[in-house]
Amino acid sequence: MKSITTTEQFNEIINGDDKALIKFQAGWCPDCTRMDMFIDPIVEEYDMYTWYDVDRDVLPDIAEKYDVMGIPSLLIFQNGEKKAHLHSANAKSPDQVTDFLESVELTRP
């Protein structure tokens, strides 16, 4: 998972043709640490996304702009548009994350 550290980098990534999955997190967040323990196999399985990670404390304006109220949150972007958002309350287990990713894939045209 690649880290995004600037607003410019974030905007460049979300405006691309590729599907970008961005995990908003913070170093002090226990649920983020727990997600880090189970996310690697999910990243491998869902390789149709390019996975990124943003520290919400480094880019708070971006987190606010895209309604990231809790962490960890997963947001999917393509061509500058937010396509899906898994809010922190529903991102606490591998099943919740994979169910979200499956539902996103099922709603594609």
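Residues numbered from 1 in each chain as written. Predicted model: local features only at pLDDT ≥ 70, side-chain atom pairs only at ≥ 80, totals over all residues. Heavy atoms only, no water.

- As recorded in an unreviewed UniProt entry, the protein chain goes by Thioredoxin family protein and comes from Sporosarcina oncorhynchi.

## Some words on the state of the cysteines
At step 1: One pass over the structure, following the stated rule, counts 1 disulfide.
At step 2: The residue that forms a disulfide with Cys 29 is Cys 32, at a sulfur-sulfur distance of 2.5 Å. Given an S-S torsion of about 80°, the disulfide between Cys 29 and Cys 32 has right-handed geometry. Both residues of the pair, Cys 29 and Cys 32, count as buried. (Disulfide = S-S within 2.5 Å. Buried < 20%, exposed > 50% of the residue type's maximum accessible area, 1.4 Å probe, protein only.)

## Examining the pattern of salt bridges
At step 1: Following the criterion strictly, the structure yields 5 salt bridges and no others.
At step 2: The closest approach of N and O atoms between Asp 31 and Arg 34, which form a salt bridge, is 2.2 Å. Taken together, the positions of Asp 31 and Arg 34, both in helix 2 (residues 30-45) and 3 residues apart, correspond to about one turn of that helix.
At step 3: Of the residues examined, Arg 34 reaches a relative accessible area of 38% and is grouped as partly exposed.
At step 4: Asp 31 is paired through a salt bridge with Lys 92; the nearest N and O atoms lie 2.5 Å apart. Residue Asp 31 is located in helix 2, and its partner Lys 92 is located in the loop between strand 5 (81-86) and helix 4 (94-106); the two are separated by 61 residues in the primary sequence.
At step 5: On the basis of relative accessibility, which here comes to 40%, the residue Lys 92 falls in the partly exposed class.
At step 6: Three or more residues joined by partner-sharing salt bridges are found here, namely Asp 31, Arg 34 and Lys 92. (Salt bridge = Lys/Arg side-chain N within 4 Å of Asp/Glu carboxyl O. Helix = DSSP H or I, 4+ residues; strand = E, 2+ residues; numbered from the N terminus.)

## What to know about the sheet that holds strand 4 (residues 73-78)
At step 1: One open sheet holds the 5 strands; their spatial order is 1-3-2-4-5, and the pairing between them is mixed. The sheet is open, and its two edges are formed by strand 1 (2-4) and strand 5, each paired on a single side. Looking at each pair of strands side by side, their axes are set apart by 30° on average, direction ignored. (Pairing = 2+ DSSP bridges. Axes fitted to C-alpha atoms, helices over the stretch in contact; angles between N-to-C directions.)

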